[in-house]
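# Observations on chain architecture
What follows is each chain in one-letter form.
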Amino acid sequence: MASISLKNIKKTYEDGVTVIENLNLEINDKEFVILVGPSGCGKSTTLRMIAGLEEISDGELYIGNRLVNNVSPKDRDIAMVFQSYALYPHMSVYKNMAFGLKNRKVPKDEIDKKVRAAAKTLEIEKYLNRKPRALSGGQRQRVALGRAMVREPSVFLLDEPLSNLDAKLRTEMRSRISMLHKELQTTFVYVTHDQTEAMTMGDRIVVMKDGVIMQNDTPQMLYNHPQNMFVAGFIGSPQMNFINCKILRKQDCFYASFNEYNIKLPMRMNEALSLYADKEVVLGVRPEDIYIEKEYFKGDLNNVIHLYVDIAEMTGANYYIYGSIADKKLIADISPNSKIIKDTVCNLAIDTDKIHIFDTVSEKLICD
């Protein structure tokens with residue numbers, strides 16, 4: 001059993017700086033969990049505490065049913081893959097992969113069997129006699145994964161393993177690591193600052209900020225139902241648009257009012273918005289939920305806005321327009337066939353079924 005349980009975990013360094021105050025997290029056996037967040041949010045520190053490379057200041061950490069606060073890293077039945085590969089440059093790929101098993105005095109024939117099996121899975125068999133300097137970045141990362149695999153640990157810990165690779169290799173390695181998790185059927189905990197990696201690889205994503213878990217959910221739930229503005233802005237690329245507005249009530253309908261616009265809000269939001277009539281809120285809408293008016297118009301002028309286009313970017317499959325409504329900036333992801341050009345005004349329609357309303361003070365979700 002390779003579940004991981006962090007109970008009231010605190011981390012304070014010798015200089016008195018507390019980076020994690022009270023972290024609670026349950027990771028199930030065989031689950032692939034991603035810790036994601038900006039630099040300095042505490043995700044790597046959390047991973048290193050699980051590994052035993054950072055001392056826990058307070059709280060309890062369990063791997064399986066065993067309390068491991070004072071258990072050394074080598075006795076935790078974990079394997080860690082680092083951003084820097086951490087390969088021995090003077091050793092061949094084979095010897096790098098076999099090194100840990102050799103230190104544990106595993107029989108030579110068993111070492112050979114495990115190394116070659118891992119090399120076959122990772123498609124690096126023909127590189128076994130090469131030194132790391134003769135390999136590409138992607139090949140070195142596969143060697144690092146293979147070195148972890150041969151130990152057959154209960155838990156894999158991966159600390160930003162793809163950040164040194166170019167975009168094409170990152171895409172390839174993402175799918176390879178996902179397939180590896182599926183094949184090995186063991187627990188993976190993966191740290192990244194890249195929300196694309198998080199969304200495409202994890203069974204569950206833990207979004208962190210300043211040592212605090214902001215939301216812990218499936219990729220789909222995080223994307224469709226972010227619980228606060230931080231998660232809403234962090235998950236998704238380009239990020240969600242945020243517009244400061246005022247809630248107006250007219251008979252049985254609620255509107256988000258800003259500049260000269262009154263965006264009619266869905267009836268399902270009425271109960272939640274009843275406490276916010278005539279109050280300031282933040283309207284959130286993702287770029288892909290904004291359309292060219294003529295391509296989306298449903299007969300309701302209440303969701304149409306006029307955007308002055310500052311920049312238009314064609315990326316192939318996507319066409320991003322960056323513009324402004326008076327003092328408010330907006331990004332829209334529209335059809336690549338659209339004929340929108342910069343320094344013009346275009347009419348856009350907001351899909352009001354996909355919008356989110358946040359509290360201006362707490363930044364928590366009011367309704368979506």
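Up top is the structure these notes are about.
Residues numbered from 1 in each chain as written. Predicted model: local features only at pLDDT ≥ 70, side-chain atom pairs only at ≥ 80, totals over all residues. Heavy atoms only, no water.

### Overview of the packing of aromatic side chains
Put simply, the rule is: Geometry of aromatic contacts follows a simple scheme: Phe, Tyr and Trp rings, the Trp one being its six-membered ring, pair when their centres are within 6.5 Å, and the pair is stacked under 30 degrees between planes, edge-to-face over 60, tilted otherwise. Numbering goes from the N terminus for both helices and strands, where a helix is a DSSP run of H or I of at least four residues and a strand is a run of E of at least two. Accessibility here uses a 1.4 Å probe with only protein chains present; expressed as a share of the type maximum, an area under 20% marks a residue as buried, one over 50% as exposed, and anything in between as partly exposed. Put simply, a charge is over a ring when the Lys NZ or the Arg CZ is close to the ring centre, within 6 Å, and near the line of the ring normal, within 35 degrees.
All chains considered together, the criterion is met by 7 aromatic pairs. Relative to Phe 234, the ring of Phe 230 lies with its centre 5.8 Å away and its plane at 15°, an arrangement referred to as stacked. Residue Phe 230 and its partner Phe 234 are located together in helix α8 (residues 229–234), separated by 4 residues, close to a single helical turn. Residue Phe 234 is classed as buried on the basis of its relative accessible area, which comes to 17%. In textbook terms, an aromatic cluster arises when at least three aromatic residues are bridged by ring pairs, as seen for Phe 32, Phe 156, Phe 188 and Tyr 190. Across from the ring centre of Tyr 255, 5.2 Å away, lies the NZ or CZ of Lys 250, which sits over that ring. The ring of Tyr 223 carries Arg 286 above its face, with NZ or CZ at 4.0 Å from the centroid.

### Topic: the sheet that holds strand β16 (residues 304–314)
Two strands in a sheet stick together by hydrogen bonds in their backbones, pointing the same way (parallel) or opposite ways (antiparallel). The condition is simple: DSSP-based pairing: two strands are paired if at least 2 bridges between them are found. Angles shown run from 0 to 180 degrees and are taken between the N-to-C directions of axes, each axis being a line fitted to C-alpha atoms and, for helices, limited to the stretch in contact.
Reading across the sheet, the 5 strands line up as β15-β19-β16-β17-β18 and stay open at both edges, with antiparallel pairing between neighbours. Both edges of this open sheet fall to β15 (290–292) and β18 (328–334), since each of them pairs with a single strand only. Taken over all neighbouring pairs, the strand axes of this sheet differ in orientation by 45° on average, direction set aside. By the bridge criterion, 5 bridges tie β16 to strand β19 (residues 345–350) in an arrangement that is antiparallel. From the neighbouring strand, His 306 faces β19, where its bridge partner is Asn 347.

### Focus: helix α2 (residues 93–103)
Let me state the cut-off plainly: Between two residues, a contact is recorded if the distance between any of their heavy atoms is within 4.5 Å.
Along α2, the residues classified as buried are Val 93, Tyr 94, Asn 96, Met 97, Ala 98 and Leu 101. The elements touched by buried residues of α2 are α3 (108–121) and α4 (137–149). Positive phi appears at Lys 105, one or two residues downstream of α2, with a value of about 60°.

### Topic: the layout of surface pockets
To keep it simple, the criterion reads: Only protein atoms enter the 1 Å grid used here, on which a cavity is any set of points holding a 1.4 Å probe that cannot leave and a pocket is any open set flanked by protein within 12 Å on both sides along at least five of seven lines; residues with an atom within 4 Å of a point are listed as lining. Grid points are joined across faces, edges and corners, and a volume is the space filled by probe spheres set on the points. In this count, Pro and Cys sit with the nonpolar residues alongside Ala, Val, Leu, Ile, Met, Phe, Trp and Tyr, while Asp, Glu, Lys and Arg are called charged and the others, Gly among them, polar.
Its volume calculated, the largest pocket comes out at about 600 Å³. Residue assignment for the lining of the largest pocket shows that the elements contributing at least two residues are β6 (78–81), α2 and α4. The element that contributes the greatest number of residues to the lining of the largest pocket is α2, accounting for 5 residues. A class-by-class count of the residues in the lining of the largest pocket yields 16 nonpolar, 2 polar and 5 charged. Looking at the second largest pocket, its volume works out to about 300 Å³. Looking at the second largest pocket, the residues that line it are Met 91, Tyr 94, Lys 95, Ala 98, Phe 99, Lys 102, Asn 103, Val 106, Lys 108 and Ile 111. For the lining of the second largest pocket, the elements supplying multiple residues, two or more each, are α2 and α3. Top element by residues in the lining of the second largest pocket is α2. It accounts for 6 residues. Here the residues of the lining of the second largest pocket sort into 6 nonpolar, 1 polar and 3 charged.

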